[in-house]
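Each chain is listed here by its residues.
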Amino acid sequence: MRDEIELEKKLRQQAIEAAVKHYKVKHKKENDFKPGDRISYGGRVFDEQEIINLIDASLDFWLTTGKYAEKFEKDFAEFLGVKHCSLTNSGSSANLLAFMALTSHKLGERRVKKGDEVITVAAAFPTTVAPIIQYGAIPVFVDVTLPSYNIDITQLEAAISDKTKAVMLAHTLGNAFDLQAVKEFCDKHKLWLVEDNCDALGTKYFYNGEWKYTGTIGHIGTSSFYPPHHMTMGEGGAVYTNDAQLKRLVESFRDWGRDCWCPSGHDDTCKHRFNQQFGDLPVGYDHKYVYSHFGYNLKVTDMQASIGCAQLEKLLAFIQKRQANWSYLRKKLNDLKDIFILPEPSENSQPSWFGFVLTVKEASGICRESLINYLEERGIQTRMLFAGNLIKHPCFDEMRKAGQGYRVVGDLIHTDCIMKNTFWIGVYPGLTQDKLSYMVNEIKAYCKKHSK
């Protein structure tokens, strides 16, 4: 037996060493940027440690959630300063789980029911809003402000009704919304607050006299680990909270809707697996197969989590590089403030930027579509500010025609401006000084030629 264990260790080490050699040949390349080479808006940044973890996890062949997932949940919660973290298979699933947890019958009168309202914004990524609609609740859309690109807090009181149960908002491109005002509004009206933190991992906000990470001030926060995000597992996401009941609900919906809270691969943690009674089931029915919700299977694999464990060790450096890249672009493009609405960090925040956003001023003579085509032709990848105005998209056609299913507060003037005039470029850690300088020079070259 001892010989088999030693042989397995030796073979495992050989497999890992071979994979590291492959990494050095395949992936570890010196930067040889030439003008016109593709400059992505985001991407994975990794080294041999991610490869080592991935091979180690694959050789265990556990495949589903396991030791690496448990380690990541613990370490990520400690990083954020929250009590509970639950891994899932994407940021979109994280938003789904965060919202669905609020619909549980176990929350009593505070639960979100079908027909209840949730305040949000239309200048958003669709999966911040989709869970609300898919469940049968009503999104209430409020305009945003510029240059924050976040909710206009002056419209919150106008948005509330006797059906309002929650506020669900994202921190746009890493820039924090006014958490002090929004949280006070939620506390005043006894509303749930869900922070979609997928684009803002590492952003800090000065709340009630102390710096806290965004995603930890509301009742529930969410993150995405898709490759362009602040850290990656390939696919993956997380839901985090300080509320033990919400954590249990999130994991119930994540794990088929089951009532049992035993970790994957473990049985009878509570020591009452066969001596309880639930619903109309017979007494002693196996607690592992009792379902308190209509749930899903949205778990992460241990191989994904193993990559996340290596990425988490680099996260602070990633955040600092994003901040430095954003600051460089902001300084170098400052003389274009007559052409663009330039981004500004929200008051009381230290953003961990996801991108550098630019809104073309209508009086500038610049056409956004012409500019982004120019940049794309020169290898500079651009992105719209997600949906622009979500309710103008085909997914809203039926609701728009029926005049029901959502509510709009006032005129979405800035939201429509974003839809027509806004785009963004990357600040991710893989951008070198040569790439940043090239981006600046090409934007300036176009503006010099085409502005009034």
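The following refers to the structure shown. (Residues numbered from 1 in each chain as written. Predicted model: local features only at pLDDT ≥ 70, side-chain atom pairs only at ≥ 80, totals over all residues. Heavy atoms only, no water.)

Time to look at the pattern of salt bridges. Applying the stated rule across the entire model yields 27 salt bridges. With its nearest N and O atoms 3.5 Å apart, the salt bridge here joins K247 to E251. Placement of the pair is K247 and E251 together in helix 8 (residues 244-254), with a separation of four residues, close to one helical turn. Residue class for E251 comes out buried when judged on its relative accessible area of 16%. D397 is the salt-bridge partner of R400, the closest N and O atoms lying 2.3 Å from each other. Within this pair, R400 and its partner D397 are both found in helix 12 (residues 397-402), separated by three residues, close to a single helical turn. (Salt bridge = Lys/Arg side-chain N within 4 Å of Asp/Glu carboxyl O. Helix = DSSP H or I, 4+ residues; strand = E, 2+ residues; numbered from the N terminus. Buried < 20%, exposed > 50% of the residue type's maximum accessible area, 1.4 Å probe, protein only.)

On to the packing of helix 10 (residues 315-332) against helix 14 (residues 433-450), then. Viewed as axis vectors pointing N to C, helix 10 and helix 14 meet at an angle of 30 degrees, and their least axial separation amounts to 11 Å. By the angle between their axes, helix 10 is roughly parallel relative to helix 14. Every pair of crossing elements has a handedness; the one defined by helix 10 and helix 14 is right-handed. Together, N325, Y328, L329 and K332 of helix 10 and Q433, L436, S437, M439, V440 and K444 of helix 14 make up the contact between the two elements. For the contact of helix 10 with helix 14, the residue count by class is five nonpolar, three polar and two charged. (Axes fitted to C-alpha atoms, helices over the stretch in contact; angles between N-to-C directions. Parallel < 35°, antiparallel > 145°, perpendicular 65-115°, else oblique. Left-handed = near helix turned anticlockwise from the far one by under 90°. Contact = heavy atoms within 4.5 Å. Nonpolar A, V, L, I, M, F, W, Y, C, P; charged D, E, K, R; others polar.)

Once that is clear, we can look at the packing of aromatic side chains. Both the distance between ring centres and the angle between the ring planes are used here to describe each pair of aromatic rings. Following the criterion strictly, the structure yields 19 aromatic pairs and no others. Ring geometry for F99 against Y135: centres 5.9 Å apart, planes inclined by 70 degrees, an arrangement best described as edge-to-face. Of the two residues, F99 sits in helix 4 (residues 91-101) while Y135 sits in helix 5 (residues 126-135), which places them 36 residues apart along the sequence. Under the relative-accessibility criterion, F99 is labelled buried at 1%. Aromatic pair F386 and W424: ring centres 6.2 Å apart, planes at 65 degrees, arrangement edge-to-face. Of this pair, F386 sits in the loop between helix 11 (368-377) and helix 12 while W424 sits in strand 16 (residues 422-426), placing them 38 residues apart in sequence. W424 sits in the buried class, given a relative accessible area of 1%. An aromatic cluster is built from Y41, F125, F354, F386 and W424, whose rings are joined through pairwise contacts. Sitting over the ring of W192, R110 keeps its end group 3.8 Å from the ring centre. (Phe/Tyr/Trp six-rings, centres within 6.5 Å; stacked < 30°, edge-to-face > 60°. Lys NZ or Arg CZ within 6 Å of the ring centre and 35° of its normal.)

A separate point is the sheet that holds strand 14 (residues 355-360). Overall, antiparallel pairing links the three strands, which are arranged 12-14-16 in an open sheet. Because the sheet does not close on itself, it has two edges, and the strands there are strand 12 (340-341) and strand 16. Contacts from helix 13 (residues 413-421) reach strand 14 and strand 16, with the element oriented near 60 degrees to strand 16. Sitting on the sheet, helix 14 is in contact with strand 12, strand 14 and strand 16, with an inclination near 150 degrees to strand 16. (Pairing = 2+ DSSP bridges.)

There is a patch of nonpolar side chains on the surface, built from W256, L281, Y285, Y289 and Y291 and spanning about 520 Å² of accessible area. Turning to its location among the elements, W256 is positioned in the loop between helix 8 and helix 9 (302-312). (Patch = residues over 30% accessible without salt bridge, like charges linked within 9 Å, V, L, I, M, F, W, Y side chains within 5 Å. Areas by Shrake-Rupley, 256 points an atom, 1.4 Å probe, with all protein chains shown as cover.)

Right, let's get into the environment of A310. Counting through the fold element by element, A310 comes out in helix 9. In this structure, the C-alpha to C-alpha distance between A310 and E117, residues 193 residues apart in sequence, is 40 Å. Setting aside chain neighbours within four positions, we find A310 in contact with Q49, E50 and N53.

So, on to unusual backbone geometry. Comment: phi is negative for the bulk of residues other than glycine, and the bulk of peptide bonds are trans. In this structure, P147 follows L146 across a cis peptide bond, with omega equal to 10 degrees. Secondary-structure assignment places P147 in the loop between strand 4 (144-145) and strand 5 (150-151). The backbone of Y149 shows a phi angle near 65 degrees, a positive value even though the residue is not glycine. As for its position among the elements, Y149 is in the loop between strand 4 and strand 5.

A volume near 900 Å³ is recorded for the largest pocket. Around the largest pocket, the lining is made up of 25 residues, and of these H27, K29, R44, G430 and K435 lie nearest the centre. When grouped by side-chain class, the residues that make up the lining of the largest pocket number eight nonpolar, seven polar and 10 charged. The computed volume of the second largest pocket comes to approximately 690 Å³. If you list the elements that add at least two residues to the lining of the second largest pocket, you get helix 3 (67-80), strand 1 (84-88) and helix 8. The element that contributes the greatest number of residues to the lining of the second largest pocket is helix 8, accounting for seven residues. In terms of residue class, the lining of the second largest pocket is built from 10 nonpolar, eight polar and 14 charged. (1 Å grid on protein atoms, 1.4 Å probe; cavity = no way out; pocket = protein on both sides within 12 Å on 5 of 7 lines; lining within 4 Å. Points joined across faces, edges and corners; volume = space filled by probe spheres on them.)

In this section: the nonpolar core. Among the nonpolar cores identified, the biggest contains 32 residues, and I119, I151, V167 and V182 are the most heavily contacted of them. Residue assignment for this core shows that the elements contributing at least two residues are strand 2 (117-121), strand 3 (138-142), helix 6 (156-159), strand 6 (164-170), helix 7 (179-189) and strand 8 (204-207). Within the second largest apolar cluster, 31 residues are counted, among which are F340, V360, L371 and M439. (Core = buried A, V, L, I, M, F, W, Y, C linked by side-chain atoms within 4.5 Å.)

Next up on the list: the state of the cysteines. Tallied over the full model, the rule gives zero disulfides. Take C85: it sits in no disulfide, and the sulfur closest to it among the cysteines is that of C309, at 11 Å. Judged by relative accessible area, which is 5%, C85 ranks as buried. Cysteine C198 remains unbridged, with the sulfur of C85 as its closest cysteine sulfur at 12 Å. (Disulfide = S-S within 2.5 Å.)

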